[in-house]
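# Summary of structural features
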Amino acid sequence: MTIENKTLLEQLHWRYAVKQFDASQKIDDATWEALEQALVLSPSSYGLQPWKFFVITDQALKDQMPAISWNQGQPRDCSHMVVLAAKKSLDATYVQEYMDHIVATRQLEAGAMDGYRNVLVKTVEGRDDHLDWNARQVYIALGQLMVAAAMLGVDTCPMEGIQPAAYDELLGLSDGEFTSVVGCACGYRSEEDPGATNAKVRFPTERIIARV
């Protein structure tokens, strides 16, 4: 099943980084479940999924977020605020857990993934930049969430303008295995948001795309 090229481009033109959400509009459960599954289905390097996504709908928590988001109101007024967090480190134990999950999911024989496991363990143990690497994977998931939301007519605003340490404290992550990287406010644009009617500004295709 595919969508028309025109539909894809129309929705991507419709999408913009919402500055003002309509706090009275909420994303329905079925639509949100689809967006959560879009996050779950996000690709990652080696399929390791070194992340966790925190979905915040509790208004008391959301009310505290502008103060740690450089006074931006989107986390407070959106329907669902997503905090995309990266795993701080990876090790052989995590790789083995992933291998075990592959074996169980695909109903493989025990030991079928040992060769791949050894490659991944060597790769993981040979890196000293786990958080940086994992944070880059998180941005892949952010992009998938935003595109999926646009296709369903849900507005988003990616938010690097957050204070990660304060977010970690708010979410109880400070001493855990994950740390906040970026936020994404999801909901529906306010009619009073002037950005909704602005023309989308992009450099010409020939400046951005090089065909070789």
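Preceding this section is the structure that the text describes.
Scope of this entry: the structure provided in the associated data block. (Residues numbered from 1 in each chain as written. Predicted model: local features only at pLDDT ≥ 70, side-chain atom pairs only at ≥ 80, totals over all residues. Heavy atoms only, no water.)

## With respect to the overall build of the protein chain
Check the secondary structure of the protein chain and you find nine helices and four strands. Each principal axis of the C-alpha distribution contributes one length, and for the protein chain these read about 60 × 45 × 35 Å. Residues counted as buried form 42% of the 212 residues belonging to the protein chain. Taking the intrachain contacts of the protein chain between residues at least 6 apart in sequence as the baseline, contacts between residues at least 24 apart amount to 81%. Counting only carbon and sulfur atoms, one obtains 52% of the accessible surface of the protein chain, whose full area is about 12,400 Å². Averaged over its 19 positive side-chain charges, the protein chain has a centre that lies 7 Å from the centre of its 29 negative ones. (Helix = DSSP H or I, 4+ residues; strand = E, 2+ residues; numbered from the N terminus. Buried < 20%, exposed > 50% of the residue type's maximum accessible area, 1.4 Å probe, protein only. Contact = heavy atoms within 4.5 Å. Areas by Shrake-Rupley, 256 points an atom, 1.4 Å probe, with all protein chains shown as cover. Lys, Arg positive; Asp, Glu negative; His and termini not counted. Charge placed at Lys NZ, Arg CZ, Asp CG, Glu CD.)

## Regarding the nonpolar core
Ranked by internal contacts, the top residues of the largest apolar core, which has 24 residues, are Val82, Leu84 and Cys186. Those elements that place two or more of their residues in this core are helix H2 (29-40), strand S1 (51-56), strand S2 (80-87), helix H7 (130-151) and strand S4 (178-187). Broken down by element, this core gets its largest block of residues, eight residues, from H7. With residues up to four places along the chain from it excluded, the contact list for valine 82 reads Trp32, Leu39, Phe53, Phe54, Leu145, Val182, Gly183, Cys184 and Cys186. (Core = buried A, V, L, I, M, F, W, Y, C linked by side-chain atoms within 4.5 Å.)

## A closer look at the pairing of strand S3 (residues 155-159)
For S3, a buried count of four out of five residues is recorded, marking the element as mostly surrounded by other parts of the structure. Note that S3 and S4 share five bridges and pair antiparallel. Along S4, the bridge assignment pairs aspartate 155 with glycine 187. (Pairing = 2+ DSSP bridges.)

## Structural notes on H7
With 22 residues, H7 ought to run about 32 Å at 1.5 Å a step, and its terminal C-alpha atoms sit 32 Å apart, in line with that. Once H7 finishes, glycine 153 follows within two positions and takes phi at roughly 75°, a positive value. (Expected span 1.5 Å × (residues − 1).)

## Let's talk about helix H8 (residues 164-171)
All of the buried residues along H8 are Ala166, Tyr167, Asp168 and Leu171. Check the buried side of H8 and you find it contacts S1, helix H4 (74-77), S2 and S4. Glycine 172 occupies a position one or two residues after H8 and carries a positive phi of about 70°.

## Brief notes about the packing of H2 against H7
Two elements in contact, H2 and H7, have axes whose closest approach is 9 Å; the angle formed by their N-to-C orientations is 150°. Classed by the angle they form, the pair H2 and H7 counts as roughly antiparallel. Like other packed secondary-structure pairs, H2 and H7 cross with a definite hand, here right-handed. Contacts from Leu35, Ala38 and Leu39 of H2 reach H7 at Ala141, Gln144, Leu145, Ala148 and Ala149. (Axes fitted to C-alpha atoms, helices over the stretch in contact; angles between N-to-C directions. Parallel < 35°, antiparallel > 145°, perpendicular 65-115°, else oblique. Left-handed = near helix turned anticlockwise from the far one by under 90°.)

## Details of the sheet that holds S1
One open sheet accounts for four strands, arranged S1-S2-S4-S3; its pairing is antiparallel. Every other strand in the sheet has two partners, leaving S1 and S3 as the edge strands with one partner each. For this sheet, the mean angle separating the axes of adjacent strands, direction not counted, is 25°. With six bridges connecting them, S1 and S2 associate as antiparallel partners. Bridge pairing in S2 links valine 55 to valine 82.

## Remarks on the side chain of aspartate 77
Among the structural elements, aspartate 77 can be located in helix H4. Among the residues examined, aspartate 77 registers a relative accessible area of 19% and is labelled buried. In this structure, aspartate 77 is in contact with Phe21, Asp22 and Ala23, ignoring residues within four places of it in sequence.

## With respect to the side chain of threonine 31
Examined against the element boundaries, threonine 31 turns out to sit in helix H2. The class of threonine 31 is buried, set by a relative accessible area of 16%. Residues contacting threonine 31, with those up to four places away along its chain left out, are Leu152 and Val154.

By themselves, these observations are geometric and do not establish any function.
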